[in-house]
Amino acid sequence: MKQATIIADRDFILGETDPRIFGSFIEHLGRAVYEGIYQPGSPFANEEGFRKDVLGLVQELGVPVVRYPGGNFVSGYHWEDGVGPKDQRPARVEPAWSVIETNQFGLNEFAAWAKEARSQVMMAVNLGTRGPEDARNLLEYCNFPKGSYYSDLRRSHGVEAPHNIKLWCLGNEMDGPWQMGHKTAAEYGRAAAETGRLMKMLDPSIELVACGSSNMTMPTFAQWEADVLDACYDEVDYISLHQYFENSADNTPEFLAGSVKMDQFISSVASICDYIQAKKHGKKKIHLSFDEWNVWYHSNEADKTLEKWVQAPHQLEDVYNFEDALLVGSLLITLLRHADRVKIACLAQLVNVIAPIMTSDTGAWRQTIFYPFAQASRYGRGTVLQTLVKSPVYESSYGDAPYLDAVLVENEEEGGLTLFAVNKSLEEGMEISCDLRQFAGYQVAEQSLLTHENLKAVNTEQDPFQVRPVSGGNAAIEGGRLTAVLPKQSWNVIRLEKRA
């Protein structure tokens, strides 16, 4: 059996969790909107056409912010097409995903849906085929109370109160040659600066996210971040990171080492942000928005055969297995371990499209990755402690990968301390220990385990609970020391509570 030691000190604080680190993403792509969150006429839909079963699962996930409407889609989107009377909205050819967009669901519907989902909107503007003026007009429509052209246009559409959206993305993946309106770093940095300046003239209270690299293997990575921030440092508050992970080679240890890749990506971008701050002699620290991350590869072959120019096809519908849930757990731990810099993160996406939630005409169910996300969102809010992990390692293409990923989060208000841990070993359990004498009076309240003998096990509509967490384990505190045995290939949540 492998052994590992976790070291934490109550006074050695990494930072407070920004709840938006548990955000998600809805794009006009596949069945994310139509048949996902919105399906008028469905027996599961409410009067507004929103699927109530999906709303319940989104609330269970505890998603505080949802990025919208893209993604690649936003770089050719005219937001005006999706507001006003539905019988006057035009259907458009949508080149990003080779479909027809009906525009029967748009900005106002999404804002109303987000309210019912107990979430906030993270709005993206089109800096691909459009520019600063259109972004300013959209902001006026969303946030200006009344008495101007676009605010009164919103009111004429039946939305009297402003949406008051505070978080805005300045385009999407503008470094990517696949992107409509693809730009060089100099072109995009200039556009982002001018757009941001114009938007903040209208509403200084908003926060802006500049596009970082689409992934860390882009040939322009690092130089892109430096050049973009050099141009728009004064106007923006965050820079984005995007990264998807795959196991197409069916090499599970290498796949699970993806958390090392994410860790390296975050550290590199944070360093670039600090370099630009120093270069500018600036006081403002640029934080990170990891606003696209997930596992994505299962649907690649199926998507090659999709018919083009149809409405809401079954596109990017990955069916996640147990090993995907393990990696998602490790990625969540990695995000928490960088809570001092990563303030926003969006699991991409939310429903049907590379998503934790799937739907059909007869119901909705939780995919395997639903569970680590929901548990991290529920118990990962609070103070993240600097958590040192002494663990055996194995070789990967990213360097040494620890068999144990772990982080401790204290919620002093609720009198709780939570350990999240993933044992990546496929052969052995792992005995862990952690000195918690500083947390006098704390005892184990619950140990939750997500594990399965079959790494490829999946949840389906017919068998929706094949992979799910169960209570159990042998976690205990004795003499101020927490000990537990983590099963092989397992996601673990150990919750401690202070007893009177």
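Thresholds applied
Residues numbered from 1 in each chain as written. Predicted model: local features only at pLDDT ≥ 70, side-chain atom pairs only at ≥ 80, totals over all residues. Heavy atoms only, no water. Salt bridge = Lys/Arg side-chain N within 4 Å of Asp/Glu carboxyl O. Helix = DSSP H or I, 4+ residues; strand = E, 2+ residues; numbered from the N terminus. Buried < 20%, exposed > 50% of the residue type's maximum accessible area, 1.4 Å probe, protein only. Expected span 1.5 Å × (residues − 1). Contact = heavy atoms within 4.5 Å.

Draft legend 1. Quick look at the pattern of salt bridges. Evaluation of the coordinates by the stated rule reveals 34 salt bridges. Across the pair Glu140 and Arg136 runs a salt bridge whose closest N-O atoms are separated by 2.9 Å. One end of the pair, Glu140, and the other, Arg136, are both in helix α3 (residues 132-143), four residues apart, so they sit about a helical turn from each other. Among the residues examined, Glu140 registers a relative accessible area of 6% and is labelled buried. Looking at Arg136, the relative accessible area reads 21%, which means it is partly exposed. In this structure, the salt-bridge partner of Asp203 is Lys166, at a minimum N-O distance of 3.7 Å. With a gap of 37 residues between them, Asp203 in the loop between α5 (185-202) and β9 (207-210) and Lys166 in the loop between α4 (149-156) and β8 (167-170) connect regions that are remote in the sequence. Under the relative-accessibility criterion, Lys166 is labelled partly exposed at 33%. When salt bridges that share partners are traced, they join Asp18, Arg20 and Glu207 into one network.

Draft legend 2. Highlighting α5. Between its first and last C-alpha, α5 extends 26 Å over 18 residues, near the 26 Å set by a 1.5 Å rise per residue. Taken residue by residue, α5 has Ala185, Tyr188, Gly189, Ala191, Ala192, Ala193, Thr195, Gly196 and Met199 as its buried positions. Looking at the buried side of α5, the elements it contacts are β7 (120-125), α3, β8, β9 and α6 (223-232).

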